[in-house]
Amino acid sequence: MRPLTEREIRTAFVNCTKGEAKRLSVPRDLAERPWDDLDFLGWRDPQAPDRAYLVAELDGRLTAIALRATGAASWQARRSMCSLCLTTHTGGVSLMVAAKAGKAGQQGNSVGAHLCDDLACPLYVRGKKDAGVGARLPESLTLEEKIRRTVTNLTAFIAKIAPH
C-alpha cells in the first residue's frame, strides 16, 4: 500500500458524514507505518475504544470505513478467527459493524464481520506480527496467495458496505 496522508484518509470515508470524518482520530504515526507490508490501514480510536477505522485502495480508489466494535463478551475468551486474514486469537477478535454507505446506512442498515481487534491482518499474514501459538494454521498456500485471499475477503466486506 502506498503511504497515505491524513487528508486523503479523511476524504475517503464512505459511511460517515464529512463532519464525523473531520473529527475522528487519525493515527499520528502515519510516517512510521510499515506501508510496504500493508494491504490496508486499520486502527482503533484511542479516545473511543469501541470505534475502529479501515482504509483500503481498491480498484485504484481509496475507500475508508468507520466501524463499531462490540463490547467484550464471555465468548471472546474463546479462540475466534478473523474473517479477513483467518488468524485465530484468544480474545483478540471482535465483531465489528459498519453502517452501510448512503441512504441504506442512514436508514440504519449495517454489515458486520469478525475482525482482528487491532486490525493488523496484513502483518499477521506476513508473519511480521505474532498472535501466539496456533494463531496461523499450517497451509500449503504461498504468501502471495494468502495476501490475495485477505485482499479478496477485504474487498468483499467493503463491497457490502459501499458497492462501487
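You'll find the structure just up there.
Residues numbered from 1 in each chain as written. Predicted model: local features only at pLDDT ≥ 70, side-chain atom pairs only at ≥ 80, totals over all residues. Heavy atoms only, no water.

Caption draft 1: Structural context of the overall build of the protein. Each helix and strand counted, the protein has 5 helices and 7 strands in total. Ordering the α and β elements of the protein from the N terminus gives α-α-β-β-β-β-β-β-α-β-α-α. Taking 164 residues into account, the globule formula puts the C-alpha radius of gyration at 15 Å, and the protein, at 15 Å, falls close to it. Counting only C-alpha atoms, the protein reaches 45 × 35 × 30 Å along its principal axes. Sequence separation of 24 or more characterises 56% of the internal contacts of the protein that already satisfy a separation of 6 or more. With the model as given, the accessible surface of the protein reaches about 8,800 Å², and the carbon-plus-sulfur share is 52%. Counting 24 positive and 18 negative side-chain charges, the protein places the averaged centre of each group 7 Å from the other. (Helix = DSSP H or I, 4+ residues; strand = E, 2+ residues; numbered from the N terminus. Rg over C-alpha atoms; globule rule 2.2 N^0.38 Å. Contact = heavy atoms within 4.5 Å. Areas by Shrake-Rupley, 256 points an atom, 1.4 Å probe, with all protein chains shown as cover. Lys, Arg positive; Asp, Glu negative; His and termini not counted. Charge placed at Lys NZ, Arg CZ, Asp CG, Glu CD.)

Caption draft 2: The arrangement of the nonpolar core in detail. Ranked by size, the top nonpolar core spans 45 residues in total, and within it Ile9, Phe13, Trp43, Leu67, Leu115 and Phe157 carry the most contacts. Only β1 (41-44), β2 (51-58), β3 (61-69), β6 (93-99), β7 (110-116), α4 (121-125) and α5 (143-161) provide two or more residues apiece to this core. Apart from the residues within four sequence positions on either side, Leu67 is in contact with Asp50, Arg51, Ala52, Leu54, Met96, Val97, Ala98, Leu115 and Phe157. (Core = buried A, V, L, I, M, F, W, Y, C linked by side-chain atoms within 4.5 Å. Buried < 20%, exposed > 50% of the residue type's maximum accessible area, 1.4 Å probe, protein only.)

Caption draft 3: Spatial organisation of the pairing of β2. Along β2, 6 of the 8 residues are buried, which leaves the element largely enclosed by surrounding structure. Remark: 6 residues form the turn of the hairpin made by β1 and β2, two consecutive strands paired antiparallel. Here β2 runs beside β3; their pairing, made up of 8 bridges, is antiparallel. In the strand pairing of β3, Glu57 is matched with Leu62. (Pairing = 2+ DSSP bridges.)

Caption draft 4: A look at the side chain of His89. Mapping His89 onto the fold places it in strand β5 (residues 88-90). Assessed through its relative accessible area of 6%, His89 is described here as buried.

Caption draft 5: Broad picture of the sheet that holds β3. The 5 strands are arranged β1-β2-β3-β6-β7 in an open sheet whose pairing can be described as antiparallel. Lying at the two open borders of the sheet, with one neighbouring strand each, are β1 and β7. Strand-to-strand twist of the sheet, defined as the mean angle between neighbouring strand axes without regard to direction, takes the value 30°. (Axes fitted to C-alpha atoms, helices over the stretch in contact; angles between N-to-C directions.)

Caption draft 6: The pairing of β1, seen in detail. The pairing of β1 with β2 spans 4 bridges and is antiparallel. The partner of Arg44 across the bridge, within β2, is Ala52.

Caption draft 7: Representation of the packing of aromatic side chains. Counting across every chain of the model gives 2 aromatic pairs. Taking 5.8 Å as the distance between ring centres and 90° as the angle between the ring planes, the aromatic pair formed by Phe13 and Tyr53 counts as edge-to-face. Linking Phe13 in the loop between α1 (6-11) and α2 (18-23) with Tyr53 in strand β2, this pair joins segments that are 40 residues apart in sequence. Judged on exposure class, the residue Phe13 and its partner Tyr53 are both buried. Centre to centre, the rings of Trp43 and Tyr53 are 5.3 Å apart; their planes meet at 40°, and the pair counts as tilted. You can see Trp43 sitting in strand β1 and its partner Tyr53 sitting in strand β2, a full 10 residues away along the chain. For the pair Trp43 and Tyr53, a shared accessibility class is recorded, and that class is buried. (Phe/Tyr/Trp six-rings, centres within 6.5 Å; stacked < 30°, edge-to-face > 60°.)

Caption draft 8: Looking closely at α5. Compared with the 27 Å implied by 1.5 Å per residue over 19 residues, the 27 Å span of α5 between its first and last C-alpha is a close match. In this structure, the buried residues of α5 make contact with β2, β3, β6, β7 and α4. (Expected span 1.5 Å × (residues − 1).)

Caption draft 9: View of the environment of Thr142. Tracing the backbone shows Thr142 in the loop between α4 and α5. Under the relative-accessibility criterion, Thr142 is labelled partly exposed at 37%. In this structure the C-alpha to C-alpha distance between Thr142 and Met1, which are 141 residues apart in sequence, comes to 19 Å.

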